[in-house]
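Listed below, chain by chain, are the residues.
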Amino acid sequence: MAKGDAKLFNRASQVVMARDRDRTVLTMSSDFQGDPKEFAVVVPVPTFLTREQIHVGEKTLLDHLDAYSAPRLVEYFDPDPCTRFALERKASDAVVGGLAAAPMAALRERSLGVTVEARYTVGEYDILILSARESDGLETWLRESAYRIPEGASRVLSGYIKQHMRFFVAKVNLKEQARLGFSSLRPIQVAYESPKFMLPIRLGMVNANGPQDLYVYALTRRGRVETTNYRTARLPSNQELPLYVKEEFGDFYKALFAEQVRRERMETVFLEYAWDMGWCDPCAADPLSREELRALGVFWLEEEGDTTRPGANAFVTRLHVRYDAEHFPEDLVFQETSDRQNFQGRYVLRHAFAGEISCGEGDRYRQELAQRQEREAQNLAELTGWDVNQIRVKMKLPAAGPGKKWWEKIWSGR
């Protein structure tokens, strides 16, 4: 309950990119609405893909990575103010988805400038690898093959064709899905070599019903990943918040993210987490094992001799972006940096001392506590855009007075 994971957001997709040098393993898990028989995904890819380069993964791997890297709450409890050397003790880390199209004659494909370079069945998906000479022909081919391509797709497809990219098309094979016994769609994985470290998002915006959320989990050898064609900013972190946020963390985090998107005019990619997979502090979930990392494409673990840590030399970057066609006209382009500085979206709850205070420090503690609670209310209002007076009411704080005018403070000494 107390973590800002992908399940909080509707219309959210998750992508894992394991990347080292020109090698990439891409794992895609899409949020879709409707009947699985209506589901298909069209993804521009920078190179031809053989059958062996395509795999169907397990959603539990993404769920684990999501839980491990999600923004979270931590709780601390005030010590007895009468105990001089009382140490602040940590109480808890509240941490709580054969193409069915009618066969097309090869002559028709050639007339439209479309080439079906390969056909595969992988798990519950029927997959095509396409190339095309022009966007109008590709759009026509997809429509004639029973794909419901939205209006305006041709303009977006044109840009990828000019870059000589191919198209990875996957559609659910209902018979295979039933035979395999899966009730939901598993992530699709592809492995390829290309100097392009990018993620195509423009095609998915053509039929989008409003802004979408995208989580990118980059697994790299050297360090943090950032976007080069959009600003990458860290989410506000390590803020102290009112205690009641523990019961409303989902609402808080959605409001926080929406407020940051608003302030950045929906033109920014946000960093939510950056950490060496070998450890975490605090941990919302255990680090991924070597077997899990390998299943997500972290191929270089086999090339290294360090087996002392589960995720040795696997650095995870979690990026979160809310986007639409107006504010993100370009695909996301990434670069790996050598920055291995740790960062996480972390929000702090501090409980007041609940015992009897029997010393002279008690009055001072109560005064500092009142000041701290007012700062917590102000922090929450600043992060979310919520009304600070309503926050004070929920915290059961006394209403704030009008305060002194600025000129009154000059000569009052306070």
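A quick note: this is a predicted structure, and the numbers were derived from the prediction, not measured.

Reading guide: rules and limits
Residues numbered from 1 in each chain as written. Predicted model: local features only at pLDDT ≥ 70, side-chain atom pairs only at ≥ 80, totals over all residues. Heavy atoms only, no water. Phe/Tyr/Trp six-rings, centres within 6.5 Å; stacked < 30°, edge-to-face > 60°. Helix = DSSP H or I, 4+ residues; strand = E, 2+ residues; numbered from the N terminus. Buried < 20%, exposed > 50% of the residue type's maximum accessible area, 1.4 Å probe, protein only. Lys NZ or Arg CZ within 6 Å of the ring centre and 35° of its normal. Polar contact = N/O pair within 3.5 Å; in protein donor to acceptor, adjacent residues only side chain to side chain. Contact = heavy atoms within 4.5 Å. Disulfide = S-S within 2.5 Å. Axes fitted to C-alpha atoms, helices over the stretch in contact; angles between N-to-C directions. Parallel < 35°, antiparallel > 145°, perpendicular 65-115°, else oblique. Left-handed = near helix turned anticlockwise from the far one by under 90°. Nonpolar A, V, L, I, M, F, W, Y, C, P; charged D, E, K, R; others polar.

Engineer: Can you lay out the packing of aromatic side chains for me, pointing to particular residues and giving the numbers?
Structural biologist: All told, the structure shown has eleven aromatic pairs when counted by the stated rule. Pairing F257 with F270 gives two aromatic rings, centres 5.5 Å apart and planes at 70 degrees, and the pair type is edge-to-face. Residue F257 is located in helix α6 (residues 249-263), and its partner F270 is located in strand β16 (residues 268-276); the two are separated by 13 residues in the primary sequence. A single burial state applies to F257 and to F270, both of which are buried. Above the face of the Y160 ring, R202 is positioned so that its terminal group lies 4.5 Å from the ring centre.

Engineer: If you had to explain the side chain of Q189 to someone new, which residues and values would you point to?
Structural biologist: Along the chain, the position of Q189 falls in strand β10 (residues 188-193). Separated by 2.9 Å, the side chains of Q189 and T27 make a polar contact. Within the local environment of Q189, its side chain forms a polar contact with the backbone oxygen of A295, the two atoms lying 2.9 Å apart. Leave out the neighbours within four places in its chain, and Q189 touches L26, T27, Q53, I54, H55, V56, G57, A295 and L296.

Engineer: Can you break down helix α1 (residues 59-69) residue by residue, with the values?
Structural biologist: Summarising burial for α1: eight of the eleven residues are buried, a large majority. Within α1 the residues assigned to the buried category are L61, L62, H64, L65, D66, A67, Y68 and S69.

Engineer: Hey, could you go over the state of the cysteines for me, with residue numbers and the actual values?
Structural biologist: In the structure shown here, the tally under the stated rule is one disulfide. Two residues, C82 and C359, share a disulfide whose sulfurs are 2.1 Å apart. One disulfide, between C82 and C359, carries an S-S torsion of -90 degrees and so falls in the left-handed class.

Engineer: With reference to specific residues and values, describe the packing of helix α8 (residues 361-384) against helix α9 (residues 388-395).
Structural biologist: Where α8 contacts α9, the axes come no closer than 9 Å and their chain directions differ by 135 degrees. Judged by the inter-axis angle, α8 sits oblique to α9. Pair α8 / α9 crosses with right-handed handedness. Only V388, I391, R392 and M395 of α9 make contact with α8, whose side of the interface consists of Q373, E374, E376, A377, Q378, L380 and A381. A breakdown of the residues in the contact of α8 with α9 according to their chemical character gives six nonpolar, two polar and three charged.

Engineer: Run through unusual backbone geometry, naming residues and quoting values.
Structural biologist: Of note in this structure, N238 is not a glycine but carries a positive phi near 60 degrees. In this fold, N238 is placed in the loop between β14 (231-234) and β15 (239-241).

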